[in-house]
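# Working through the structure, step by step
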Amino acid sequence: MERKGFDGATVVSFESRLADAMTESIRRRGGQPLSAPSLREIPLSENAEAFSFAEKLFAGRIDLLICMTGVGTRILLEALATRYDKQQVLEAFSRLTVVARGPKPIRVLKENNIPITITVPEPNTWLEIIHELDHNSRSLALEGKTVAVQEYGVSNEKLIQALKQRGANVLQVPVYRWALPQDTAPLLQAIREITDGKVQMALFTNAAQVDHLLRFASGEGLEPSLREALKRMVITSIGPMTSEALHEHGLSVDFEPSHSKMGILVNEAADHAAELIREKKEGPARRYVNTKATQVSAVGRQDSPFLKACRREPTSVTPVWIMRQAGRYLKEYRQIRDRVSFLELCKSKELAAEVAIAAAERLKVDAAILFSDILLIVEPMGLTLEYGSENGPEISGQVAAAADVDRLPEIEPAESLKFVFDAVQLTRQCLNTKIPLLGFSGAPFTLAAYIIEGGASKSFVNTKRFMYSDPGAWNALLQKISRGLVKYLNGQIEAGADAVQLFDTWVGCLGPEEYEQYVLPHTRSVIQGIKPGVPVIHFGTGTAGFLRQMREAGGDVIGVDPRVELDQAWAAIGTDVGIQGNLDPVVLFAPREVIRAKVKRILEQAASRPGHIFNLGQGILPNTPEENAVAMVEYVHALSQR
Ligand code: CP3
């Protein structure tokens, strides 16, 4: 095989100890090496703060130790072992109140048989630490206590402030394994070349390099421009620990070698350099979609928490997903939308699969949803659909009278909406086999309202006038839509959807009597037409006044909005049916402790009863902070463990 090599590209390496060897290998494979050593190893025996902590500890003057990171806890123990008897150190630790911030320090403490007094729940921020200290049943008054905080890299000012406010004497215990090199000129020079756009690829060979690079750049006032420039470069990482450090700093990894060895990293990065650099130029790499994937079996999924909850079977944790989870609030979605229009995105099976899977993986939710839109069905009805105006989607083609309804063609999705079925199939093939995939459509009423109004509406005057003045034409329109929807949803199921959701987003503009008369029979006919055995989620907003009727229309799970209390809604629809919801999407703009408290409240209302699927009560809003959506999912999982 011909070896392609870097072909003249500039490749930066942050390696220190083996800097010369790296430079040489990059050159040998045809690259322009740029060597930027970023670390100097500090002997463990030079950790002065750790030793002064130990002296206080042995003298019984420390009450509590907060272990912030796994790496730091390990360095602390190793540093102390260079001077003291290890047994003596471990015994002193065992007498302490030890707080472990998350899974990594927990692992290190357990390995050393150090008892943990308090484990901090996810997402392991300073807020959860303080919350645990304030509310732990062991009732730890901090007033007058000496609290040691193990630090690695950065100190957490907010935590320290909060501890001091509670009257604690705080002893910060920073530990070190790495420092900046004595000579930082090459590092500064490399950062300048990177921000000037002269470097095509970066090689990270150690996790601490990432931290040092960004901290050093920040000290020079260059961090924002460095981050921007790194996004346009190919980032390679020697292995999982280094990749994790990159991810923690918000950087994405484009390439990892088959084995975590420097020589292999250089050689394999050189082999793939041409395509990696090209993909980077063209936009975000397709990380999730592999068009050769073939798996379709549903065996591993039937026992997933999501599908079990659809069947109202008990689950070990409450499943959660987010309506409109693939959307503008996600950075990765915006990057793709910078290149293609929304309709192009819906009509490309590769891109649709990419964004659906990226969203599910980013959020770590229990279900993925097909990427599409409820309105695409209007095109095969001979109407024109446009997105992008300030008023939301616009539909043109008059539907105002009985004659217009007669003119609308029957929807034959097998041809006109084949791209949706292709997207379902590819998404299913590339998605983690354990994660169920939802198909969806609009419900007959919401689609009819969109068609008649030509877009969004506040009062639905046209829709209601049509409904009241010509019930015959109204029924004909909804029947026509419903026949199309049955074929459309069964087509998605045939293509690989594990469950389907009907969105009746606008139905709340009606009262109970109108719902029963003008909507219920049509929605029921759609749900009855769906392939038996496939769970149906029937969602609507503004439905508090007619939940019973909505349930009568059908669905294994009823989706409710935030304007009802979940327990009351469940009582109204009856407990022999599942429920989905119902966090207000605006809560995701609130501080974390508020999000956590609201999640907890909904879980308490559901009372671990089988059949609850956690979700927002309406689609997620476009400018929602991404991290809050991720945190919400974590809270649901952490707080619902059974
Ligand atoms: O991730 C997912 O949930 C899958 C995709 C999905 C979209 N729309 C993608 C989309 C789903 C399930 C929908 C349903 C949908 N579409 C509803 C019902 C959901 C609800 O919130 O009750 C409605 C009312 C629509 C109609 C619609 N489509 C509107 C009003 C808009 C524009 C306003 C907005 O929210 O952005 C769209 C466009 C649309 N559909 C976008 C996405 C990701 C945004 C397009 C973009 O700007 O990139």
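Just so you know, these numbers come straight off a predicted model, no measurement behind them.

Let us now look at empty space enclosed by the protein. Evaluation of the coordinates by the stated rule reveals two cavities of 30 Å³ or more. Estimates place the volume of the largest cavity at around 50 Å³. Around the largest cavity, the lining residues are Ala-326, Gly-327, Leu-330, Glu-332, Tyr-333, Ile-336, Glu-354, Val-355, Ala-358 and Ala-359. Elements that contribute at least two residues to the lining of the largest cavity include exactly helix H14 (331-337) and helix H16 (349-363).

Glancing now at the pairing of strand S7 (residues 146-152). Of all seven residues in S7, six are buried; the element is thus mostly enclosed. With four bridges joining them, strand S4 (residues 64-67) and S7 adopt parallel strand pairing. Paired with Ile-66 across the two strands is Val-149, which belongs to S7. Direction of pairing for S7 relative to strand S8 (residues 169-175): parallel, over a ladder of seven bridges. When the sheet's bridge partners are listed, Tyr-152 is paired in S8 with Val-175. Handedness of the crossover is the feature at issue here: the chain leaves S7, passes through helix H7 (residues 157-165), returns alongside S8, and the resulting connection is right-handed.

For any two aromatic rings, the description comes down to two numbers: the centre-to-centre distance and the angle of the planes. One pass over the structure, following the stated rule, counts 16 aromatic pairs. Measuring from ring centre to ring centre gives 4.6 Å for Phe-342 and Tyr-387, while their planes differ by 75°; the resulting arrangement is edge-to-face. Of this pair, Phe-342 sits in helix H15 (residues 342-347) while Tyr-387 is found in the loop between strand S13 (384-386) and strand S14 (394-396), placing the two residues 45 residues apart along the sequence. Look at Phe-342 and you get buried, because its relative accessible area is 14%. Grouped by ring-pair contacts, the aromatic residues Tyr-333, Phe-342, Phe-371 and Tyr-387 constitute a single cluster. Its end group placed over the ring of Phe-51, Arg-83 keeps NZ or CZ at 3.9 Å from the ring centre. Here Arg-609 stacks its cationic end above the ring of Trp-570, 4.6 Å away from the centre of that ring.

Checked against the element boundaries, Pro-409 lands in the loop between helix H17 (402-407) and helix H18 (413-416). Residue class for Pro-409 comes out partly exposed when judged on its relative accessible area of 36%. Not counting residues within four places of it along the chain, the set of residues in contact with Pro-409 comprises Pro-380, Met-381, Gly-382 and Lys-480.

Considered domain by domain, the protein chain is made up of domain 1 (10-39 + 182-285), domain 2 (43-179) and domain 3 (300-639). Listed as interface residues are seven residues of domain 2 and, on the opposing side, five residues of domain 3. With both sides pooled, the region where domain 2 packs onto domain 3 buries about 550 Å², and carbon together with sulfur makes up 55% of that total. When the area that domain 2 buries against domain 3 is broken down by residue, the three leading residues are Glu-122, Pro-123 and Leu-127, summing to 67%. Scanning the region where domain 2 abuts domain 3 turns up zero salt bridges. Taken together, the links from domain 2 to domain 3 amount to one residue pair in polar contact (both at pLDDT 80 or more). The class makeup of the residues in the side of domain 2 that touches domain 3 is three nonpolar, two polar and two charged.

Turning our attention to the layout of surface pockets. Here the second largest pocket is characterised by a volume of approximately 1,400 Å³. Around the second largest pocket, the lining is made up of 49 residues, and of these Arg-324, Asp-373, Pro-393, Tyr-450 and Ile-620 lie nearest the centre. Of all the elements in the fold, those that place two or more residues in the lining of the second largest pocket are H14 and H15. Across the lining of the second largest pocket, the residue classes break down as 26 nonpolar, 15 polar and eight charged.

On the surface, a nonpolar cluster with roughly 230 Å² of combined accessible area is contributed by Val-586, Phe-589 and Leu-621. When you line up the elements, Phe-589 lands in the loop between strand S19 (578-583) and helix H26 (592-606). Residue class for Phe-589 comes out partly exposed when judged on its relative accessible area of 38%.

So, about the nonpolar core. Phe-306, Phe-371 and Met-632 are the most contacted members of the largest nonpolar core, which totals 131 residues. Top contributing element to this core by residue count: helix H22 (residues 471-495), with eleven residues. Other than its neighbours up to four places away in sequence, Met-632 contacts Val-320, Ile-322, Leu-583, Leu-588, Ile-595, Val-599, Phe-614 and Leu-616. In this structure, Leu-80, Leu-90, Ile-114 and Leu-171 belong to the second largest nonpolar core, which totals 28 residues.

To continue, consider the packing of helix H3 (residues 70-81) against helix H5 (residues 103-111). Between H3 and H5, the shortest axis-to-axis distance is 7 Å and the interhelical angle comes to 30°. The orientation of H3 with respect to H5, classified from their angle, is roughly parallel. In this structure, H3 contributes Gly-70, Thr-73, Arg-74 and Leu-77 to the contact, and H5 contributes Lys-104, Pro-105, Val-108, Leu-109 and Glu-111. Here the residues of the contact of H3 with H5 are counted per class, giving four nonpolar, two polar and three charged.

A separate point is the site of the ligand. The environment of the ligand is made up of 23 residues, and the closest members are Arg-324, Tyr-333, Arg-337, Asp-373 and Thr-505. Ala-326 places a polar main-chain atom, nitrogen or oxygen, 2.9 Å from an oxygen atom of the ligand. One nitrogen or oxygen atom from the side chain of Asp-373 is found 2.7 Å from a nitrogen atom belonging to the ligand. Isolated, the ligand exposes 880 Å² of accessible area, and the fraction of that covered by the protein chains is 86%. A molecule is said to occupy a pocket when more than half its atoms come within 2 Å of that pocket's grid points, and by this definition the ligand occupies the second largest pocket.

Overall, parallel pairing links the four strands, which are arranged S2-S1-S10-S11 in an open sheet. Every interior strand has two partners, whereas the edge strands, strand S2 (32-35) and strand S11 (234-237), have only one. Shown here is a sheet whose adjacent strand axes are inclined to one another by a mean of 20°, direction ignored. When strand S1 (residues 10-13) meets S2, the two strands line up parallel, connected through four bridges. Pairing of Val-11 across the sheet is with Pro-33, part of S2. Sitting on the sheet, helix H1 (residues 19-28) touches S1, S2 and strand S10 (201-204), and the angle it makes with S2 is about 165°.

A few words on the pattern of salt bridges. Side-chain pairs of opposite charge can arise where the charged atoms are in close proximity. Under the definition given, this model contains 26 salt bridges. As a salt-bridge pair, Arg-177 and Glu-78 come within 2.4 Å of each other at their nearest N and O atoms. On the criterion of sequence distance, the pair formed by Arg-177 in the loop between S8 and strand S9 (178-179) and Glu-78 in helix H3 is long-range, its members being 99 residues apart. Assessed through its relative accessible area of 21%, Arg-177 is described here as partly exposed. Residue Glu-626 is joined to Arg-362 by a salt bridge in which the shortest nitrogen-to-oxygen separation is 2.5 Å. With Glu-626 in helix H27 (residues 626-639) and Arg-362 in helix H16, this residue pair connects regions lying 264 residues apart in the sequence. By relative accessible area, Glu-626 is classed as buried at 14%.

Thresholds applied
- Residues numbered from 1 in each chain as written.
- Predicted model: local features only at pLDDT ≥ 70, side-chain atom pairs only at ≥ 80, totals over all residues.
- Heavy atoms only, no water.
- 1 Å grid on protein atoms, 1.4 Å probe; cavity = no way out; pocket = protein on both sides within 12 Å on 5 of 7 lines; lining within 4 Å.
- Points joined across faces, edges and corners; volume = space filled by probe spheres on them.
- Helix = DSSP H or I, 4+ residues; strand = E, 2+ residues; numbered from the N terminus.
- Buried < 20%, exposed > 50% of the residue type's maximum accessible area, 1.4 Å probe, protein only.
- Pairing = 2+ DSSP bridges.
- Right-handed = clockwise from strand over helix to strand, strands pointing away.
- Phe/Tyr/Trp six-rings, centres within 6.5 Å; stacked < 30°, edge-to-face > 60°.
- Lys NZ or Arg CZ within 6 Å of the ring centre and 35° of its normal.
- Contact = heavy atoms within 4.5 Å.
- Domains from an automatic or database assignment.
- Buried area = accessible area lost by both parts, 1.4 Å probe.
- Salt bridge = Lys/Arg side-chain N within 4 Å of Asp/Glu carboxyl O.
- Polar contact = N/O pair within 3.5 Å; in protein donor to acceptor, adjacent residues only side chain to side chain.
- Nonpolar A, V, L, I, M, F, W, Y, C, P; charged D, E, K, R; others polar.
- Patch = residues over 30% accessible without salt bridge, like charges linked within 9 Å, V, L, I, M, F, W, Y side chains within 5 Å.
- Areas by Shrake-Rupley, 256 points an atom, 1.4 Å probe, with all protein chains shown as cover.
- Core = buried A, V, L, I, M, F, W, Y, C linked by side-chain atoms within 4.5 Å.
- Axes fitted to C-alpha atoms, helices over the stretch in contact; angles between N-to-C directions.
- Parallel < 35°, antiparallel > 145°, perpendicular 65-115°, else oblique.
- Near = heavy atom within 4 Å.
- Sits in = over half its atoms within 2 Å of the grid points.

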